[in-house]
Amino acid sequence: MSYAEEIERVAEECRRRSALLLDELEQINRKTADTSRDLADAAAAEMREFWSEHSEELEKARAEAEERERLETEAREQREAIARSIAARKANRDVLPVDLEDEEAAFYQRESWLI
């Protein structure tokens, strides 16, 4: 047997095995695609079932969360209003001299107005 015939036989065996592997890979890809599609359909069906079973609970939880958020917003607005009120009263209570080098600045800056 010549070397050329041996090389041709080995090459033909490689081509045959490559074709088998490509066919096997194509089958695996088809099965994977089918399985993926089946799993996606099953997951979608389970998700629809879950939403239908728990829609009331989820809606109730959403409503409670909205109510809690509304109450927190109201409380924060009240705290901010109180802080603004306190700041306004404090600003109107304290009298500061126009000129920092004013001789009577200590009189206006004292802690207590009780003499």
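Scroll up a little and you will see the structure.
Residues numbered from 1 in each chain as written. Predicted model: local features only at pLDDT ≥ 70, side-chain atom pairs only at ≥ 80, totals over all residues. Heavy atoms only, no water.

Colleague: Just to check I follow, could you spell out the overall build of the chain for this structure?
Modeller: Tallying secondary structure elements over the chain gives two helices and zero strands in all. Looking at the chain residue by residue over its 115 residues, the buried ones come to 2%. Accessible surface, the chain as shown: approximately 10,900 Å² in total, 56% of it carbon and sulfur. (Helix = DSSP H or I, 4+ residues; strand = E, 2+ residues; numbered from the N terminus. Buried < 20%, exposed > 50% of the residue type's maximum accessible area, 1.4 Å probe, protein only. Areas by Shrake-Rupley, 256 points an atom, 1.4 Å probe, with all protein chains shown as cover.)

Colleague: In this structure, what is going on with the pattern of salt bridges? I would like to understand it.
Modeller: Charged atoms that come close allow side chains of opposite charge to pair. Tallied over the full model, the rule gives eleven salt bridges. Ionic contacts of the salt-bridge type, sharing partners, join the residues Glu8, Glu12 and Arg15 into one network. (Salt bridge = Lys/Arg side-chain N within 4 Å of Asp/Glu carboxyl O.)

Colleague: Looking at this structure, how should I read a nonpolar patch on the surface?
Modeller: Taken together, the side chains of Met47, Phe50, Trp51 and Leu58 present a nonpolar region at the surface, about 390 Å² in accessible area. Looking at the element boundaries, Phe50 is found in helix H1 (residues 3–93). Of the residues examined, Phe50 reaches a relative accessible area of 37% and is grouped as partly exposed. (Patch = residues over 30% accessible without salt bridge, like charges linked within 9 Å, V, L, I, M, F, W, Y side chains within 5 Å.)

Colleague: How do you make sense of the packing of aromatic side chains when you look at a structure like this?
Modeller: For any pair of aromatic rings, geometry is given as the distance between the ring centres together with the angle between the planes. Taken as a whole and judged by the stated rule, the model has one aromatic pair. Residues Phe50 and Trp51 carry aromatic rings whose centres are separated by 6.0 Å and whose planes lie at 75° to one another, so their mutual orientation is edge-to-face. By relative accessible area, Trp51 is classed as partly exposed at 46%. (Phe/Tyr/Trp six-rings, centres within 6.5 Å; stacked < 30°, edge-to-face > 60°.)

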